[in-house]
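Residue strings, one per chain:
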Amino acid sequence: MNAFLLSGLLASASISFAAPRVEEEETIESPDGLYRAVHLKEFDDDGFVSHYFQTLPKGDPGHSRMVGPFSRNVAWSWSPDHKYAAVTWYVLSNETVTLVLVRDGDGRLRPVNGKADDDETAAENAGFDFSARFWEMFRAENGMKLQPDHSYVYALAWLDGRTLLLGSLGYESGQKESSDGWAALYDVERDTLSADWDAWQRSHGTLPPMRPVRSDSGQFDDEVADVVRQGEGYEVRATLQKDTGADPEPGSRAVLLRGEGDCSLRVAPEGLAMAVNTFKPGSRACVQLFVRRTTMQRFAEAMPDDVLVRAFAENAGWKDADAGFVDMQAAGWLDASTVILQGTLSDATGKKHADHTALYDVGKGRFLSGLQEFNRSGVERSEKR
């Protein structure tokens, strides 16, 4: 990544917008509910758009910080305790830059391996962004020589307070080798990349809280579905298929789910599957999976939520699910059909038995053995191109 493109990326002071118009795109709340990132779009007189994120403690706008500018599209994701943030910047048509930022004592967000003396230097040193290291590991793991000139390495989800799951798409013009969805785990504190799912399961940190986050950039597509708040409850409305002429009019919305409490959506790539995280105070956190049936306009439930809970507990090796409790949420999607499920298993007294993370393929209707199985299928998809 050219250092020029990253120069001035992080601005810790307030920014005076010279442009005549600034719009608020979305507000992204950290999983612990303590921090927010407000996505702002600045339009200049020629219609060029710059993206900024204003980060601030909830209820304390006097301590806000600005991160940006970014050209083109950009996605933001908080770590569970808001200590870190991941930014995937779609900087060019053939490249993404993914940065991990860490909060310092002054509330500033800096690249994890950037220098601490000034923001511009830190930004220029952010060019590592994972891509070179990611593809080096990909070649070593798969015995390939891929040197992609189309490189997309992007943040998928925070699995715990220090571990970021990265996905990829990469190919080299005129060559057969490619990566179609190959994923890796980045440990921020150890500064390591790995695809060893079992090792992470044995030593992972604290999972994100089992409560819906109202917005999580990169995981929500309001062209597919949206959430309408109604008093103390919500309504999830999903878009009907746009390529049919059946009544009602294609592209209109249908109510998919109603409930009390709060919820958030995780829409799969291509919009053919969706997870709805729900939470009602005094009750357990749940996730419901929906898929778009090819013979129907509407989404249909992929599996009853109680069946999914039992299957998740069995995948965790816990045989007492019916006598205990499982709080479960969808962290995101690995691809168009593989959802990342995370949960806390507790006994009848409420004592925690274990935390667990699993990968469930809604298309095949089964859990994967881990990231290695998912990555093998990604290499196989690449080889069939």
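Quick note: structure is the one above.
Residues numbered from 1 in each chain as written. Predicted model: local features only at pLDDT ≥ 70, side-chain atom pairs only at ≥ 80, totals over all residues. Heavy atoms only, no water.

Participant: Go over the overall build of the chain with me, naming the residues and quoting the values.
Facilitator: Helix and strand counts for the chain come out as six helices and 25 strands. When the 385 residues of the chain are sorted by exposure, 51% land in the buried category. Counting every atom, the chain has about 17,800 Å² of accessible surface; 46% of that belongs to carbon and sulfur. (Helix = DSSP H or I, 4+ residues; strand = E, 2+ residues; numbered from the N terminus. Buried < 20%, exposed > 50% of the residue type's maximum accessible area, 1.4 Å probe, protein only. Areas by Shrake-Rupley, 256 points an atom, 1.4 Å probe, with all protein chains shown as cover.)

Participant: Describe the sheet that holds strand S21 (residues 299-303), naming the residues involved and giving the relevant values.
Facilitator: Ordered by their spatial adjacency, four strands build an open sheet running S18-S19-S20-S21, and the pairing between neighbours is antiparallel. Sheet topology places strand S18 (262-267) and S21 at the edges, where each strand pairs with a single neighbour. Taking the axes of each pair of neighbouring strands and ignoring which way they run, one obtains an average angle of 30 degrees across the sheet. By the bridge criterion, six bridges tie S18 to strand S19 (residues 273-279) in an arrangement that is antiparallel. From the neighbouring strand, Cys263 faces S19, where its bridge partner is Thr278. (Pairing = 2+ DSSP bridges. Axes fitted to C-alpha atoms, helices over the stretch in contact; angles between N-to-C directions.)

Participant: Hey, could you go over the sheet that holds strand S15 (residues 225-230) for me, with residue numbers and the actual values?
Facilitator: What holds strands together in a sheet is hydrogen bonding between their backbones, with the strands either parallel or antiparallel. Spatially, S15-S16-S17 is the arrangement adopted by the three strands of the open sheet, whose pairing is antiparallel. Every interior strand has two partners, whereas the edge strands, S15 and strand S17 (253-260), have only one. Averaged over all adjacent pairs, the angle separating strand axes in this sheet is 25 degrees, with direction ignored. Judged from the six bridges that link them, S15 and strand S16 (residues 233-239) form a sheet pairing that is antiparallel. Counterpart to Val228 in the pairing with S16 is Glu235.

Participant: I'd love a proper account of helix H5 (residues 305-315), names of residues and values included.
Facilitator: Listing the buried residues of H5 in full gives Leu308, Val309, Phe312 and Ala313. Buried residues of H5, seen end-on, are gathered within an arc of 135 degrees and therefore sit on one face of the element. Buried positions along H5 lie against strand S20 (286-292), S21, strand S22 (325-333), strand S23 (338-346), strand S24 (352-361) and strand S25 (366-367). Positive phi appears at Gly317, one or two residues downstream of H5, with a value of about 80 degrees. (Arc of directions from axis to C-beta. Contact = heavy atoms within 4.5 Å.)

Participant: I'd like a description of the packing of aromatic side chains, backed by residues and values.
Facilitator: According to the stated counting rule, one finds twelve aromatic pairs in the structure shown. Summarising the aromatic geometry, the rings of Trp135 and Phe138 are spaced 5.7 Å apart at their centres and angled 80 degrees between planes, so their arrangement reads as edge-to-face. With Trp135 and Phe138 both in helix H3 (residues 131-142) and three residues apart, the pair spans about one turn of that helix. Assessed through its relative accessible area of 0%, Phe138 is described here as buried. Aromatic ring contacts, followed pair by pair, group Tyr35, Phe53, Phe70, Trp76, Trp78 and Trp89 into a single cluster. A cation over an aromatic ring shows up here: Arg103 above the ring of Tyr35, its NZ or CZ 3.9 Å from the ring centre. (Phe/Tyr/Trp six-rings, centres within 6.5 Å; stacked < 30°, edge-to-face > 60°. Lys NZ or Arg CZ within 6 Å of the ring centre and 35° of its normal.)

Participant: Give me the lowdown on H3, citing residues and values where you can.
Facilitator: A rise of 1.5 Å per residue sets the reference length of H3, with its twelve residues, at 16 Å; its end C-alpha atoms lie 16 Å apart and thus fit the reference within 8%. All of the buried residues along H3 are Ser131, Phe134, Trp135, Met137 and Phe138. Taken down its axis, H3 places every buried residue within 160 degrees of arc, on the same side. Away from the buried face of H3 by more than 90 degrees, exposed residues Ala132, Glu136 and Ala140 are located. The inward-facing, buried residues of H3 contact strand S8 (95-103), strand S10 (150-158), strand S11 (163-171), strand S12 (178-180), strand S13 (184-187) and strand S14 (192-194). Gly143, located one to two residues past H3, shows a positive phi value of around 65 degrees. (Expected span 1.5 Å × (residues − 1).)

Participant: Can you tell me about the environment of Ser337, naming the residues and giving the values?
Facilitator: Tracing the backbone shows Ser337 in the loop between S22 and S23. C-alpha separation for the pair Ser337 and Tyr360, spaced 23 residues apart in sequence, amounts to 8.1 Å. Excluding residues that lie within four positions of it along the chain, Ser337 makes contacts with Tyr360, Asp361, Val362 and Gly363. At 3.4 Å, the side chain of Ser337 and the side chain of Asp361 are in polar contact. (Polar contact = N/O pair within 3.5 Å; in protein donor to acceptor, adjacent residues only side chain to side chain.)

Everything listed here is a matter of coordinates, which is why it stays silent on function.
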